[in-house]
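Commentary on secondary and tertiary structure
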Amino acid sequence: MKAIRVQDFGSSTISDEDAIKRILAGEKELYELLMRRYNQKLYRVVIGYLKDGEDIADVMQDSYLKAYEKLYQFKFNASFSTWLIRIAINEALAKIRYKGKYAQLNRKAGDAMVLEIPEASQLDPEKRIIQQEAKQMLEKTIAKLESKYRVVYILREIEGMSIAEIGDCLSLTHANVKVRLHRAKKMIKDALYESSITTEVFEFGSTKCDCLVQKVMLGLREY
């Protein structure tokens, strides 16, 4: 069987189901494909609950390791990403409870971490600075929201998940998801007056992606 190169993972046509079956059959290295496929989505989920960079990295790593450990329990009656998000949410909430960080969920925006933003090589230096400042302003505004509004907003407006998917992940009715999304939008609009939403917000940059993948794959050696 031909091995998949790391550089092929992003464009791989292997389905989640096939990858999972092959991982369970012994092709452990294919887990990297799933990680690189869902790192961005998972990052945006976790940052809906946590703001400390180390906490976010820990939760993502723990989520992937727990998902791998329990992979045999995945029944394919839901998408792998939804199953993974549920694990990550539980891990994030456990981290909050363990460290007593409930107060930090609503800490001042000035304490929000500065996220890695990929360089926009097509822009001149002045435009890159303006773009970066706009992103950081939006990120800080989103960071002010209560967690229950922040995570719904990120999943819908930044990650592009459907109302049904969000409700499934968060165990909320579709109506509750819509209410929280509406309130989040209003609070952000009031804070910014004019907001320009882009999927580049809360990017999980290549350096972070590579670092997380390396740590998790090393951790899989223990299984």
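Before reading on, note that the structure itself is shown above.
Residues numbered from 1 in each chain as written. Predicted model: local features only at pLDDT ≥ 70, side-chain atom pairs only at ≥ 80, totals over all residues. Heavy atoms only, no water.

The next subject is the overall build of the protein. Regarding its fold elements, the protein presents 9 helices and 0 strands. Secondary structure elements in the protein, listed N-terminal to C-terminal, are α-α-α-α-α-α-α-α-α. Taking all 223 residues of the protein together, 44% fall into the buried category. Long-range contacts, defined as pairs at least 24 residues apart, comprise 73% of the intrachain contacts of the protein with a sequence gap of at least 6. (Helix = DSSP H or I, 4+ residues; strand = E, 2+ residues; numbered from the N terminus. Buried < 20%, exposed > 50% of the residue type's maximum accessible area, 1.4 Å probe, protein only. Contact = heavy atoms within 4.5 Å.)

Before going further, it helps to examine the pattern of salt bridges. Per the counting criterion, the structure on display carries 12 salt bridges. For the salt bridge of Arg44 with Glu159, the shortest nitrogen-to-oxygen distance reads 3.1 Å. Here Arg44, found in helix α2 (residues 31-46), pairs with Glu159, found in the loop between α6 (147-158) and α7 (163-170); they are 115 residues apart in sequence, far enough to count as distant. Exposure class is identical for Arg44 and Glu159. Each is buried. Among the ionic contacts, a cluster of salt bridges with common partners joins Glu32, Arg36 and Asp210. (Salt bridge = Lys/Arg side-chain N within 4 Å of Asp/Glu carboxyl O.)

Its 14 residues give helix α9 (residues 206-219) an end-to-end C-alpha distance of 20 Å, which sits within 8% of 20 Å, the value for a rise of 1.5 Å per residue. For α9, the full list of buried residues reads Cys209, Leu212, Val213, Val216, Met217 and Gly219. Buried residues of α9, viewed axially, fall in a sector of 150°; they line one side. Summarising the geometry of α9, the exposed residues directed more than 90 degrees from the buried face are Thr207 and Gln214. Where the residues of α9 are buried, they touch α2 and α3 (53-69). (Expected span 1.5 Å × (residues − 1). Arc of directions from axis to C-beta.)

A few words on the packing of α6 against α7. Relative to each other, α6 and α7 sit at 140°, their axes nearing to 10 Å. Judged on the interaxial angle alone, α7 and α6 are oblique. Read as a crossing pair, α6 and α7 show a hand that is right-handed. Counted together, Val151, Val152, Leu155 and Arg156 of α6 and Ile163, Ile166 and Leu170 of α7 form the full contact between these two elements. Residues of the contact of α6 with α7, tallied by class, amount to 6 nonpolar, no polar and 1 charged. (Axes fitted to C-alpha atoms, helices over the stretch in contact; angles between N-to-C directions. Parallel < 35°, antiparallel > 145°, perpendicular 65-115°, else oblique. Left-handed = near helix turned anticlockwise from the far one by under 90°. Nonpolar A, V, L, I, M, F, W, Y, C, P; charged D, E, K, R; others polar.)

With that settled, consider the environment of Ile89. Tracing the backbone shows Ile89 in helix α4 (residues 80-99). What makes Ile89 buried here is its relative accessible area of 7%. Taking C-alpha positions, Ile89 is 8.5 Å from Cys169, a pair spaced 80 residues apart along the chain. In this view, Ile89 contacts Val45, Tyr49, Cys169 and Leu170; residues no more than four positions away in its chain are not counted.

Turning next to the packing of aromatic side chains. On inspection of all chains with the given rule, the structure shows 7 aromatic pairs. Geometrically, the ring pair formed by Tyr31 and Tyr68 is edge-to-face, given 5.1 Å between the ring centres and 70° between the ring planes. Of the two residues, Tyr31 sits in helix α2 while Tyr68 sits in helix α3, which places them 37 residues apart along the sequence. The class of Tyr31 is buried, set by a relative accessible area of 0%. Each ring, one from Phe74 and one from Trp83, has its centre 5.3 Å from the other, and the planes form 55°; the classification is tilted. One exposure class covers both Phe74 and Trp83, and it is buried. The residue whose ring lies beneath Lys21 is Phe76, and the NZ or CZ to ring-centre distance is 5.8 Å. (Phe/Tyr/Trp six-rings, centres within 6.5 Å; stacked < 30°, edge-to-face > 60°. Lys NZ or Arg CZ within 6 Å of the ring centre and 35° of its normal.)

We now examine α2. Remark: the principal bend of α2, roughly 55°, maps to Tyr38. Of all 16 residues in α2, 13 are buried; the element is thus mostly enclosed. (Bend = angle between axes of the 7 residues up to and from the residue.)

This brings us to the packing of α3 against α9. One way to put it is that α3 packs onto α9 with a least axis distance of 10 Å and a crossing angle of 40°. For the element pair α3 / α9, the angle class is oblique. Crossing angle aside, the handedness with which α3 passes α9 is right-handed. Residues Ala57, Met60, Gln61, Tyr64 and Leu65 of α3 touch α9, and the partners they reach there are Leu212, Lys215, Val216 and Gly219.

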